[in-house]
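Summary of the model geometry
Here's the letter readout for the chains.
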Amino acid sequence: MDYLWSPWRYQYIREGTRRNGCPFCEMARRDPARDRECYILHRARLNFVFLNLYPYTTGHVLVTPYAHVANLSDLGDETLQEMMVLARQAEAALKSTYHAEGYNAGMNLGKCAGAGVADHLHLHFLPRWVGDTNFASVVSETRVLPEDLSTTYDKLVGFFRKTRPE
Ligand SMILES: [Zn+2]
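Criteria and thresholds
Residues numbered from 1 in each chain as written. Predicted model: local features only at pLDDT ≥ 70, side-chain atom pairs only at ≥ 80, totals over all residues. Heavy atoms only, no water. Donors = N, O, S within 2.8 Å, 3.2 Å for Na, K, Ca; no water. Tetrahedral: all angles 85-135°; square planar, octahedral: opposite > 155°, others 65-115°. Helix = DSSP H or I, 4+ residues; strand = E, 2+ residues; numbered from the N terminus. Buried < 20%, exposed > 50% of the residue type's maximum accessible area, 1.4 Å probe, protein only. Salt bridge = Lys/Arg side-chain N within 4 Å of Asp/Glu carboxyl O. Polar contact = N/O pair within 3.5 Å; in protein donor to acceptor, adjacent residues only side chain to side chain. Contact = heavy atoms within 4.5 Å. Phe/Tyr/Trp six-rings, centres within 6.5 Å; stacked < 30°, edge-to-face > 60°. Core = buried A, V, L, I, M, F, W, Y, C linked by side-chain atoms within 4.5 Å. Pairing = 2+ DSSP bridges. Axes fitted to C-alpha atoms, helices over the stretch in contact; angles between N-to-C directions.

Moving on, we get to the coordination of the zinc ion. Within the first shell, the zinc ion binds the protein through Cys 22 (SG), Cys 25 (SG), His 68 (ND1) and His 120 (ND1), at distances of 2.0 to 2.3 Å. Classification of the site at the zinc ion as tetrahedral follows from its four donor atoms and the range of 101 to 119° in their angles at the metal. All donors of the zinc ion come from a single chain, and their spacing in sequence reads C-x2-C-x42-H-x51-H. Taken together, the positions of Cys 25 in helix α2 (residues 23–29) and His 68 in the loop between β3 (61–65) and α3 (77–98) put the pair 43 residues apart, joining distant regions of the chain. We classify Cys 25 as buried; its relative accessible area is 14%. For His 68, a relative accessible area of 41% corresponds to the partly exposed category.

The next point concerns the environment of Leu 41. Within the fold, Leu 41 resides in strand β1 (residues 40–43). Taking the C-alpha atoms as reference, Leu 41 lies 9.0 Å from Asp 154; in sequence the two are 113 residues apart.

A separate point is the pattern of salt bridges. In this structure the tally under the stated criterion is six salt bridges. The salt bridge involving Asp 154 is made with Arg 36; its shortest N-O contact spans 2.7 Å. Note that Asp 154 is positioned in helix α5 (residues 149–162) and Arg 36 in the loop between α2 and β1, a separation of 118 residues in sequence. Arg 45 is paired through a salt bridge with Glu 78; the nearest N and O atoms lie 2.4 Å apart. With Arg 45 in the loop between β1 and β2 (47–51) and Glu 78 in helix α3, this pair connects stretches of sequence that are 33 residues apart. The same class applies to Arg 45 and to Glu 78, which are both exposed.

Here we take up the side chain of His 60. Examined against the element boundaries, His 60 turns out to sit in the loop between β2 and β3. A distance of 2.9 Å separates the side chain of His 60 from the side chain of His 124, its partner in a polar contact. The residues touching His 60, leaving out its near neighbours within four places in the chain, are Phe 50, Leu 51, Asn 52, Pro 55, His 124, Phe 125, Leu 126 and Pro 127.

Before going further, it helps to spend a moment on the packing of aromatic side chains. Inspection of every chain in the model, using the stated rule, returns five aromatic pairs. Pairwise contacts between aromatic rings join Phe 24, Phe 48, Phe 50 and Tyr 66 into one cluster.

Time to look at the nonpolar core. Within soluble globular proteins, side chains that are nonpolar generally end up buried alongside one another. Counting residues in each nonpolar core, the largest one holds 26 residues, and the members touching the most others are Leu 41, Val 49, Leu 51, Val 61, Leu 156 and Phe 160. Those elements giving two or more residues to this core turn out to be β2, β3, α3, β5 (123–128) and α5. Top element by residues in this core is α3. It accounts for seven residues. Those residues in contact with Val 61, other than ones at most four positions away along the chain, are Leu 41, Val 49, Phe 50, Leu 51, Asn 52, Ala 90, Leu 123, His 124, Phe 125 and Leu 156.

This next bit is on the environment of Asn 104. Mapped onto the fold, Asn 104 is located in strand β4 (residues 102–106). Taking C-alpha positions, Asn 104 is 5.4 Å from Leu 126, a pair spaced 22 residues apart along the chain. There is a polar contact of 2.5 Å between the side chain of Asn 104 and the side chain of Arg 128.

The next thing to look at is the sheet that holds β3. In spatial order, the strands read β1-β2-β3-β5-β4; together these five strands make up an open sheet with antiparallel pairing. Strands with a single pairing partner mark the edges of an open sheet, and in this sheet they are β1 and β4. Averaged over all neighbouring strand pairs, the angle between strand axes comes to 20°, with direction disregarded. Judged from the five bridges that link them, β2 and β3 form a sheet pairing that is antiparallel. What sits directly across from Phe 48, in β3, is Thr 64. Packed onto the sheet, α3 meets β1, β2, β3, β4 and β5 and runs at close to 20° relative to β5.

And the structure:
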């Protein structure tokens, strides 16, 4: 589990964050008409859902609030509730699209916990299949990603748009 969110992948984000501010806030500010370019699957009222640009596996989505906050204690109940509703939609989308057999859902809160974008909390949600992890993939960070992000996006985007959180 220590390896799950592979924080070393986020070195590039850390660099970018220093130069340009928060990457998640920057994504949220973009013109929604261009959501496909940054793989934003869905903009809900208080949170948005997007594909992790450096996925651990195909179908790795992130749910993050628009609010730039680092801790759960800084979020209101409505935002937290909507995050979980969106996670539930992600579960259904990944089940339907990729026939996922299990899921990992988790947050790294704080740099020492492995958060790449530590100032803006986010929920990882990704599908798992029986036998999908082997020694090589866990230890060497070698992953087979059988699908590019655009393809994943096209498969998932319709699902989120037709099932809006209440
Ligand atoms: Zn932010």
